[in-house]
Amino acid sequence: MLADAWRKLAARWEDWDAHDRLMTLAVGRGELAMAGRLYRIRLARAPDDAVARRGRDEVVRRATLVVPSSVEPAGTPNVFRRLKTVAVGVGFIVVLVLAVLVFQHLRTLSAGY
């Protein structure tokens, strides 16, 4: 639990590796926002705490990292995007052919009158 890890971290506050482990745990559990809150609380109690400021900044940095979506694995071609492009192209050609056929049919009808 993040609260237990935070309490253990308080005993080794100056050890940046311990902070890094806490943040890695928070990211893995989806609790990075809670870690950020804990650092903000620490800063509210000790505004001059450089380690807490660095921790808060690191939480913000990690929260804003661009992470590839699990739906679209990085480095693989996007099959759905290509399929959509092909479908739109085929649809355009079909509509164009139908428009030409309708135009020719109307021309044939108007020539008959």
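Structure's up top.
Residues numbered from 1 in each chain as written. Predicted model: local features only at pLDDT ≥ 70, side-chain atom pairs only at ≥ 80, totals over all residues. Heavy atoms only, no water.

Looking now at the environment of L25. Residue placement: L25 occurs in helix α2 (residues 16-29). Overall, the relative accessible area of 27% leaves L25 in the partly exposed class. Between the alpha carbons of L25 and L2 there is a distance of 7.6 Å; along the sequence they are 23 residues apart. Not counting residues within four places of it along the chain, the set of residues in contact with L25 comprises L2 and A5. (Helix = DSSP H or I, 4+ residues; strand = E, 2+ residues; numbered from the N terminus. Buried < 20%, exposed > 50% of the residue type's maximum accessible area, 1.4 Å probe, protein only. Contact = heavy atoms within 4.5 Å.)

Moving on to a nonpolar patch on the surface. A contiguous nonpolar patch, built from V86, V90, F92, I93, V94, L96, V97, L98, V100 and L101 and spanning about 930 Å² of accessible area, is present on the exposed surface. Note that V90 resides in helix α5 (residues 79-112). (Patch = residues over 30% accessible without salt bridge, like charges linked within 9 Å, V, L, I, M, F, W, Y side chains within 5 Å. Areas by Shrake-Rupley, 256 points an atom, 1.4 Å probe, with all protein chains shown as cover. Salt bridge = Lys/Arg side-chain N within 4 Å of Asp/Glu carboxyl O.)

This part takes up the packing of α2 against helix α3 (residues 32-45). Interhelical geometry of α2 versus α3 gives an angle of 140° and a closest axis separation of 7 Å. By the angle between their directions, the pair α2 and α3 is classed as oblique. On α3, the residues that touch H19, L22, M23, A26 and V27 of α2 are L32, A35 and Y39. Here the residues of the contact of α2 with α3 are counted per class, giving 7 nonpolar, 1 polar and no charged. (Axes fitted to C-alpha atoms, helices over the stretch in contact; angles between N-to-C directions. Parallel < 35°, antiparallel > 145°, perpendicular 65-115°, else oblique. Nonpolar A, V, L, I, M, F, W, Y, C, P; charged D, E, K, R; others polar.)

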